[in-house]
Amino acid sequence: MKILVINSGSSSIKYQLFSMPQEKILARGLLERIGLSCSVLHHSREGNSELEISKQIRNHHQGLKVVLEVLSHPEYGAVEDIDEIDAVGHRVVHGGEKYTASCLVDDDLVSTVREFCELAPLHNPHNLAGIEACQKLLPSVPQVAVFDTAFHQSIADHAYLYAIPYLYYEKYRVRRYGFHGTSHRYVALRAAQILGQPLTDLRVITCHLGNGCSITAVKGGKSVETSMGFTPLEGLVMGTRSGDLDPAVAFYLMEKLGLSASQMKQILNKKSGLLGVSEVSNDMRDIWKAKEAGNPRADLSLRIFWHRLKKYIGAYAAVMNGLDALIFTAGIGENDCQTREKVCQGMDYLGIEIDKDRNAAIQGEEAVISTDSSRVKVLVVPTNEELMIAQDTYQIAKGKTEGQ
Ligand code: AMP
């Protein structure tokens, strides 16, 4: 079965064409600058050098048309005809409380995704544009939506509700939704495979540390707590987001500096985190360079980052009454061995013992980095949201075909 995976952003479309169930990538690419003066498509097929096409692309519909043309191009394509695509899997950020798993796209799903544009204005409208373009261009092909929020729908009410008047939940759906769910689910499943144990028997903490950072407690294969909340602003320190904060800080600064709500939102989302404290960059590699050059604020931003993460690991171990595996993923988690070492330091009370040499040798590959005697296994698992989307889409499309 050939499965096309689409991640459509505000001005970009990322895609991968998989052959399933072999999980083989046949082609992949990234179309950028949609709607801007000069859009660029980078496309590559297995065994072929990268193709770059520059051309003006006004919208997602036109963009996907170009992607489908390239995928069936006689020289650069991976299929002879677009009809060979059996199903399309879409990354969708917000599925609200309605979607607890990946689902076939139908009118009801489209209207839910539209409804949640208000809560995910930077993602859902563009995810929807990708779905609608595919529905027009591939009308008889099943489309599957894979939600970032779905994995966290197993979280109990006492963990997803904020202690504010209940009315705001009932009327405005204010609650913890959590994000990065596809990544947390993928690395938890993969870690269980690596450890050779059923995920249903494990208590796992997954740390997705990229430009956006979140941490999830996974007990028996289900998300029971996660650090991102009503929006992706809550929780860990991130590249430009503050993470947890006394809400009174926002009121105080708004009153003191005469800031509007949208100015405050901008400060907490775009000017805080590693960037805000270090005043160097939101990029961890730049922070390390500055720290090594003796910049004390780069050093401080790292210490705040590590401390917050450590605090969450302790809290989530408490929530699960223990811990079997700790997993690091995404740009920082996969590549920054010093962050992994710092966070695991002084956690022997919890049974975490990192093997310094193993840890230092691992960059961007799957590995167990704890000592053989460590009670808690510590792993690096590179995330692969596209593969997770392809797997879900394959299962759902296969079920549909078999049911026909
Ligand atoms: P992501 O959003 O998953 O692409 O992750 C981006 C983050 O990963 C940025 O903060 C990068 O600086 C960080 N990152 C990528 N490679 C490394 C590396 N070798 N060492 C430290 N941080 C890295």
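Please read all numbers here as calculations on a predicted model, not as lab measurements.

What counts and how
- Residues numbered from 1 in each chain as written.
- Predicted model: local features only at pLDDT ≥ 70, side-chain atom pairs only at ≥ 80, totals over all residues.
- Heavy atoms only, no water.
- Helix = DSSP H or I, 4+ residues; strand = E, 2+ residues; numbered from the N terminus.
- Rg over C-alpha atoms; globule rule 2.2 N^0.38 Å.
- Buried < 20%, exposed > 50% of the residue type's maximum accessible area, 1.4 Å probe, protein only.
- Contact = heavy atoms within 4.5 Å.
- Areas by Shrake-Rupley, 256 points an atom, 1.4 Å probe, with all protein chains shown as cover.
- Pairing = 2+ DSSP bridges.
- Axes fitted to C-alpha atoms, helices over the stretch in contact; angles between N-to-C directions.
- Salt bridge = Lys/Arg side-chain N within 4 Å of Asp/Glu carboxyl O.
- Arc of directions from axis to C-beta.

Participant: How would you explain the overall build of the chain if you had to name every residue and give the values?
Facilitator: In terms of helices and strands, the chain carries 15 helices and 14 strands. Scaling as 2.2 N^0.38, a compact globule of 404 residues should have a C-alpha radius of gyration of about 22 Å, and the chain matches this with 22 Å. Taken across its 404 residues, the chain has 50% of its residues classed as buried. At a minimum sequence separation of 6, the contacts of the chain that also span at least 24 residues come to 61%. Working note: accessible area of the chain is about 18500 Å², and carbon and sulfur atoms make up 50% of it.

Participant: Describe unusual backbone geometry, with residues and values.
Facilitator: Cis geometry marks the peptide bond from Met 20 to Pro 21, where omega comes out at 10 degrees. Structurally, the position occupied by Pro 21 is in the loop between strand S2 (13–19) and strand S3 (24–32).

Participant: An account of the sheet that holds strand S1 (residues 2–8) is needed here, citing residue identities and associated values.
Facilitator: Spatially, eight strands are ordered S5-S4-S3-S2-S1-S6-S8-S7 in an open sheet, and the strand pairing comes out mixed. Edge positions in the sheet fall to strand S5 (51–55) and strand S7 (103–104), since each of these pairs with one other strand and no more. Across the face of the sheet, helix H1 (residues 60–71) comes into contact with S1, S2, S3, strand S4 (39–45), S5 and strand S6 (85–92) while running at roughly 35 degrees to S2.

Participant: Got a sec to walk through the pattern of salt bridges? Specific residues and values, please.
Facilitator: Tallied over the entire structure, the rule returns 19 salt bridges. Two residues, Asp 283 and Arg 285, come together in a salt bridge whose shortest N-O distance is 3.1 Å. Take Arg 285: its relative accessible area is 63%, and that puts it in the exposed class. A salt bridge links Asp 355 to Arg 358, with the nearest nitrogen and oxygen atoms 3.6 Å apart. Salt bridges sharing partners connect three or more residues here, namely Arg 176, Glu 225 and Glu 234.

Participant: A description of the sheet that holds strand S14 (residues 377–380) should follow, citing residues and the corresponding values.
Facilitator: An order of S11-S10-S9-S12-S14-S13 is seen for the six strands of this open sheet, with the pairing classed as mixed. The open sheet terminates on both sides in strands that have one partner only, identified here as strand S11 (222–226) and strand S13 (367–368). Pairing analysis gives four bridges linking strand S10 (residues 213–219) to S11, with the strands arranged antiparallel. Looking at S11, one finds that Val 218 is bridged to Ser 223.

Participant: Describe helix H2 (residues 107–115), naming the residues involved and giving the relevant values.
Facilitator: Residue pairs three or four apart in sequence face the same way in an α-helix, which turns once every 3.6 residues. Among the residues of H2, those classed as buried are Leu 109, Val 110, Thr 112 and Val 113. Buried residues in H2, looked at end-on, bunch into an arc of 160 degrees, giving them a common side. Buried-residue contacts for H2 involve S6, S7, helix H3 (124–137) and strand S8 (143–147).

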